[in-house]
Amino acid sequence: MPSSIASGRTGSSRGSYRITSKKSNVDETLFGNKKPSSAQGRRNSEIRKVQEEVRTGNVTSINKVSVLPQSEIIRMKHQAVILSKEEQMQQKKILDEQNEKQMAAAKAKRQRMQELEAQKKLEAPLDSTQQEE
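Just so you know, these numbers come straight off a predicted model, no measurement behind them. (Residues numbered from 1 in each chain as written. Predicted model: local features only at pLDDT ≥ 70, side-chain atom pairs only at ≥ 80, totals over all residues. Heavy atoms only, no water.)

A. Structural context of the confidence of the model for the protein chain. Here the protein chain averages 76 in pLDDT, while 60% of its residues score no lower than 70. The least confident element of the protein chain, judged by mean pLDDT, is helix H1 (residues 3-6) at 48; the most confident is helix H4 (residues 85-123) at 95. Low pLDDT (under 50) marks residues 1-8, which in the prediction has 9 contacts with non-local residues, meaning those over four places away or in another chain. (pLDDT = per-residue confidence, 0-100. Helix = DSSP H or I, 4+ residues; strand = E, 2+ residues; numbered from the N terminus. Contact = heavy atoms within 4.5 Å.)

Structure below.
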């Protein structure tokens, strides 16, 4: 069936679209290929077959392939590193030191803010409600 005739169809079939005229001249390449090439079709059917085997648990293919994202592989490699007790203690010590530095910085900032607030209270003129008290 010529592709220009296919564009004239309407209805509930998947991928169909409505046209305004039966005699319209539409470039079908604008809408992509409706039918995959034979090589692409074979590859898609192989992928569907493997997916179905994995889904049902009947994996009989010789080529048992799993695809993992690179981030997952990096995560697994990072977790697979075995640390000795000394290395674990050293990492814990480093983390504790970092936490102490953060706590000291936060405490200093809080102290500075409290000092500024106290200084601001001393310098601010009393308003009418505070003067009555």
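Next comes the rest of the write-up.
B. Just the pattern of salt bridges, in detail. The full count for this structure, using the stated rule, is 2 salt bridges. Glu-72 is paired through a salt bridge with Arg-75; the nearest N and O atoms lie 2.4 Å apart. Here Glu-72 and its partner Arg-75 are both found in helix H3 (residues 70-79), 3 residues apart, which amounts to about one turn of the helix. The exposure class of Glu-72 is partly exposed, given its relative accessible area of 27%. What makes Arg-75 partly exposed here is its relative accessible area of 36%. Note that Asp-96 and Lys-92 form a salt bridge whose closest N and O atoms lie 3.7 Å from each other. Of this pair, Asp-96 and Lys-92 are both found in helix H4, 4 residues apart, which corresponds to roughly one turn of the helix. Judged by relative accessible area, Asp-96 falls into the partly exposed class, the value being 34%. (Salt bridge = Lys/Arg side-chain N within 4 Å of Asp/Glu carboxyl O. Buried < 20%, exposed > 50% of the residue type's maximum accessible area, 1.4 Å probe, protein only.)

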